[in-house]
Amino acid sequence: MAHDILISKHNEVYAKVHAERYILKELSEFFTFFVPGHQFTPAFKNKIWDGKIRLLNTQTQCIYLGLLDYVEEFCQERGYIIEYDKTRPDIQDEFSTYHAEKFAQSLNLTSLGKPITAKEHQIKALVTSMQNRRTLLLSPTASGKSLIIYLLIRQFLDYQGLRGLIVVPTTSLVEQLYSDFADYSEGNGFSVQKNVQKIYQGMSKEAECPVVISTWQSIFKLPEEYFHQFDFIIGDEAHLFKATSLVHILTSCINTKYRIGLTGTLDGTKTHKLVLEGLFGTVQKMITTKELIDKGDLASFDIKCLVLKHPDNVCEDMEKKSYQEELEYLILNEERNKFIKNLAVSLKQNTLILYQMVDKHGKILYNMIKNTEKIGNRKVFFVHGGTDTGDREQIRKIMETENDAIVVASFGTFSTGINIRNLHNVIFASPSKSRVRNLQSIGRGLRVGANKSKATLYDIADDLRHKKHMNFTLKHFVERSKIYSDEKFPFKIYKIQLKNGK
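Just so we're clear, the structure is a prediction, and the values are computed from it rather than from any experiment.

A.B. asks: Quick rundown of the pattern of salt bridges? Include the residues and the values.
C.D. replies: What the rule picks out here adds up to 23 salt bridges. Linking Lys338 and Glu335 is a salt bridge whose minimum nitrogen-to-oxygen distance equals 3.9 Å. Taken together, the residues Lys338 and Glu335, both in helix α15 (residues 334-346) and three residues apart, mark about one turn of the helix. Taken together, the shared-partner salt bridges connect Lys9, Glu12 and Arg134 into one network.

Here is the structure:
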């Protein structure tokens, strides 16, 4: 029977769609979406761009290999016959759970000097990755993604002699992942120094070791040919890979047959999901946060939502203010900052305060906490984008041994990927409605430590309602509460009257 669509493999990034023009146009429409927030971009406002992303290029007839499941879905819906010029380009390999378990056991894994065993969901992630070659692993924050990555690189190195690239969003994560690899290798003689290379600002870009860990910012401007050397690529915190620079890295890896993305969160939009699946492969859910908590692999978690009711005269005055003006009022509000300071100082054990603006908010909170008489001998740290990577890593390690420290850190430096097992309290000092940022931030408190089985999030919200008007940041809190409900996190709302403050 004659086919309507013929698929051939172009390279390890793209498949080529051979079909009549009218079918290509129809398929292109199927893979065309408005980008969330497009209406706010200068290009759309100036009518330079129509706000849409097109995942099938009708000129080159190329589409991401990771979207072939959706091409087959399109054909089934419309009654088109699809064929492949050879076998389907992303056909599965054989790799069983039995093989994965035996392999993991052979590594004699350790953590903090003690033997550990890979969890069921980590074995599942290894099997899924090896079978599919390209996949997007959805595994919650604090589910042990660094161990999954370690299992993957050992499989690639030990059995196939492959070269690979691990891309992470921050220099802190470069250092942390390298340190984790060394931790896991203490009992098996694997030399991280000989096999793994770190690349970020000030370091050589030449790939001298079989495995390179780099921030995307450090390598995205390198020539396309640089990326042709890699046989596998692993994208940690893969939800960030919709950025143009990261897309460039993935599309330059034309010889890279293994493409594995790991993330704890997606932003919920179809466009985001399809772009990531196109670059890596189909989303595969490994386990949920609730399942990990129920198994005791993550700390039990309570959320206390502290809704600060601001004085009536302030609420009336803020009714016609913009979001930026509202935010400015909140972060500079003396009484609100005193409340955060008193809360942090009153909490026992290690506490992380997350903020957005360094000079206008983070520095103020840090100085208020550091200079309060009640702080005593407690250690207080201040972390922001300008903090040296080595200092950040040192602070992270100190927190593992301290029992009563306070870290005032920006969302950008400590909300994503940072692994602190010995963290008991997290305070959201700045408002946000981002699903990704909130879930990533919550993950800071979910890791189980030797002296910890429970953690608490203090979500500070601000009620500036006046008559029927609801303020911006209170709307953001409503969005956060929906996330808590969706994730089945237990939360309670406490209403607190705030004094008049400037």
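After presenting the structure, the write-up continues.
A.B. asks: So what's going on with the side chain of Glu326? Which residues, and what values?
C.D. replies: In this fold, Glu326 is placed in helix α14 (residues 323-331). Nearest to the buried, unbridged Glu326 among oppositely charged side chains is Lys475, at 8.4 Å. Of note is the side chain of Glu326, whose polar atom sits 2.5 Å from the side chain of Thr473. Aside from chain neighbours lying at most four places away, what touches Glu326 is Met318, Leu464, Asn471, Phe472 and Thr473.

A.B. asks: I'd like a description of the packing of helix α1 (residues 21-30) against helix α3 (residues 68-78), backed by residues and values.
C.D. replies: Where α1 meets α3, the closest approach of the two axes is 11 Å, and the angle between their N-to-C directions is 115 degrees. Between α1 and α3 the crossing geometry is right-handed. When α1 is examined against α3, the residues Glu26, Leu27 and Phe30 are found in contact with a partner set consisting of Tyr70, Glu73, Phe74, Glu77 and Arg78. Of the residues in the contact of α1 with α3, the class split is four nonpolar, no polar and four charged.

A.B. asks: Could you give an account of α3, naming the residues involved and the relevant values?
C.D. replies: All of the buried residues along α3 are Leu68, Tyr70, Val71, Phe74 and Cys75. Buried residues of α3, seen end-on, are gathered within an arc of 160 degrees and therefore sit on one face of the element. For α3, the exposed residues set more than 90 degrees away from the buried face come down to Gln76 and Glu77. Looking at the packing, one finds that the buried side of α3 touches β1 (5-9), β2 (14-18), α1, β6 (62-64), β7 (82-84) and α11 (270-279). Remark: Gly79 follows α3 within two positions and exhibits a positive phi of approximately 75 degrees.

A.B. asks: Explain the layout of surface pockets to me, using residue names and the numbers behind them.
C.D. replies: Any space left empty among the atoms is revealed by the rolling of a water-sized probe across them. Approximately 590 Å³ is the volume found for the second largest pocket. Lining the second largest pocket are 20 residues, and of these Ile53, Arg54, Leu55, Tyr64 and Val275 lie nearest its centre. No other element matches α11, which puts three residues into the lining of the second largest pocket.

A.B. asks: Mind laying out the side chain of Thr251, listing which residues take part and the relevant values?
C.D. replies: Structurally, Thr251 is set in helix α10 (residues 244-252). For Thr251, a relative accessible area of 19% gives the class buried. Once you skip the residues sitting within four places of it in the chain, Thr251 turns out to touch Val13, Tyr14, Tyr64 and Leu279.

A.B. asks: I'd like a rundown of the packing of aromatic side chains, residues and numbers included.
C.D. replies: As enumerated under the stated definition, the model contains 18 aromatic pairs in all. The interplanar angle of 70 degrees and the centroid separation of 5.8 Å between the aromatic rings of Tyr226 and Phe230 together place this pair among those described as edge-to-face. Comparing Tyr226 with Phe230, the two get one shared label, buried. Taken together, the aromatic side chains of Phe30, Phe31, Phe74 and Tyr80 make up a single cluster linked through ring pairs.

A.B. asks: Explain unusual backbone geometry to me, using residue names and the numbers behind them.
C.D. replies: Despite not being glycine, Leu112 has its phi angle at roughly 55 degrees, a positive value. Locating Leu112 in the fold gives a position in the loop between β8 (110-111) and β9 (114-115). Classification of Leu112 as exposed rests on a relative accessible area of 60%.

A.B. asks: Account for the packing of α14 against helix α20 (residues 472-486), naming residues and giving values.
C.D. replies: It is the contact of α14 with α20, at a shortest axis distance of 9 Å, that shows an interaxial angle of 85 degrees. Looking at the two axes, α14 sits roughly perpendicular to α20. Between α14 and α20, the contacting residues are Tyr323, Glu326 and Leu330 on the first element and Phe472, Thr473 and His476 on the second. Of the residues contributing to the contact of α14 with α20, the split by class is three nonpolar, two polar and one charged.

A.B. asks: Describe the sheet that holds strand β21 (residues 425-428), listing the residues and the values that go with them.
C.D. replies: Strand order in this open sheet of seven strands is β19-β20-β18-β21-β22-β17-β23, and the pairing throughout is parallel. The two strands at the open ends of the sheet, each matched to only one other strand, are β19 (380-383) and β23 (491-497). Ignoring which end each strand starts from, the neighbouring axes of this sheet average 20 degrees apart. On the sheet, helix α16 (residues 358-370) packs against β18 (351-355), β19 and β20 (406-410) and is oriented at approximately 170 degrees with respect to β19. Its contacts with the sheet put α20 on β17 (300-309), β21, β22 (454-463) and β23, and the angle it makes with β22 is roughly 150 degrees.

A.B. asks: Any chance you could break down the nonpolar core for me, citing the residues and the numbers?
C.D. replies: In this structure, Phe31, Leu165 and Phe227 are the most contacted members of the largest nonpolar core, which totals 51 residues. Looking at this core, the element that brings in the most residues is α3, giving five residues. What Phe227 contacts, discounting residues up to four positions off in sequence, is Leu165, Ile219, Leu222, Ile249, Ser252, Cys253 and Thr256. One finds Leu137, Phe156, Leu173 and Ile213 within the second-largest nonpolar core, a separate group that totals 43 residues.

A.B. asks: Explain the pairing of strand β11 (residues 164-168) residue by residue, including any values.
C.D. replies: Within β11, five of the five residues are buried, leaving the element largely enclosed by the surrounding structure. Burial along β11 is two-sided: Gly164, Ile166 and Val168 facing one way and Leu165 and Val167 facing the other are all buried. In the sheet, β11 pairs with strand β13 (residues 211-215) via five bridges, with the strands oriented parallel. Counted as the bridge partner of Leu165 is Val212 from β13. With four bridges joining them, β11 and strand β14 (residues 232-236) adopt parallel strand pairing. Looking at the pairing, Leu165 lines up with Ile233 of β14.

A.B. asks: Pulling in residues and values, what's your account of the environment of Cys75?
C.D. replies: Here Cys75 lies in helix α3. On a C-alpha basis, the gap between Cys75 and Phe477 in space is 42 Å, while along the polypeptide they are 402 residues apart. Setting aside chain neighbours within four positions, we find Cys75 in contact with Ile5, Tyr80 and Ile82.

Definitions and limits used
- Residues numbered from 1 in each chain as written.
- Predicted model: local features only at pLDDT ≥ 70, side-chain atom pairs only at ≥ 80, totals over all residues.
- Heavy atoms only, no water.
- Salt bridge = Lys/Arg side-chain N within 4 Å of Asp/Glu carboxyl O.
- Helix = DSSP H or I, 4+ residues; strand = E, 2+ residues; numbered from the N terminus.
- Buried < 20%, exposed > 50% of the residue type's maximum accessible area, 1.4 Å probe, protein only.
- Lys, Arg positive; Asp, Glu negative; His and termini not counted.
- Polar contact = N/O pair within 3.5 Å; in protein donor to acceptor, adjacent residues only side chain to side chain.
- Contact = heavy atoms within 4.5 Å.
- Axes fitted to C-alpha atoms, helices over the stretch in contact; angles between N-to-C directions.
- Left-handed = near helix turned anticlockwise from the far one by under 90°.
- Nonpolar A, V, L, I, M, F, W, Y, C, P; charged D, E, K, R; others polar.
- Arc of directions from axis to C-beta.
- 1 Å grid on protein atoms, 1.4 Å probe; cavity = no way out; pocket = protein on both sides within 12 Å on 5 of 7 lines; lining within 4 Å.
- Points joined across faces, edges and corners; volume = space filled by probe spheres on them.
- Phe/Tyr/Trp six-rings, centres within 6.5 Å; stacked < 30°, edge-to-face > 60°.
- Parallel < 35°, antiparallel > 145°, perpendicular 65-115°, else oblique.
- Pairing = 2+ DSSP bridges.
- Core = buried A, V, L, I, M, F, W, Y, C linked by side-chain atoms within 4.5 Å.

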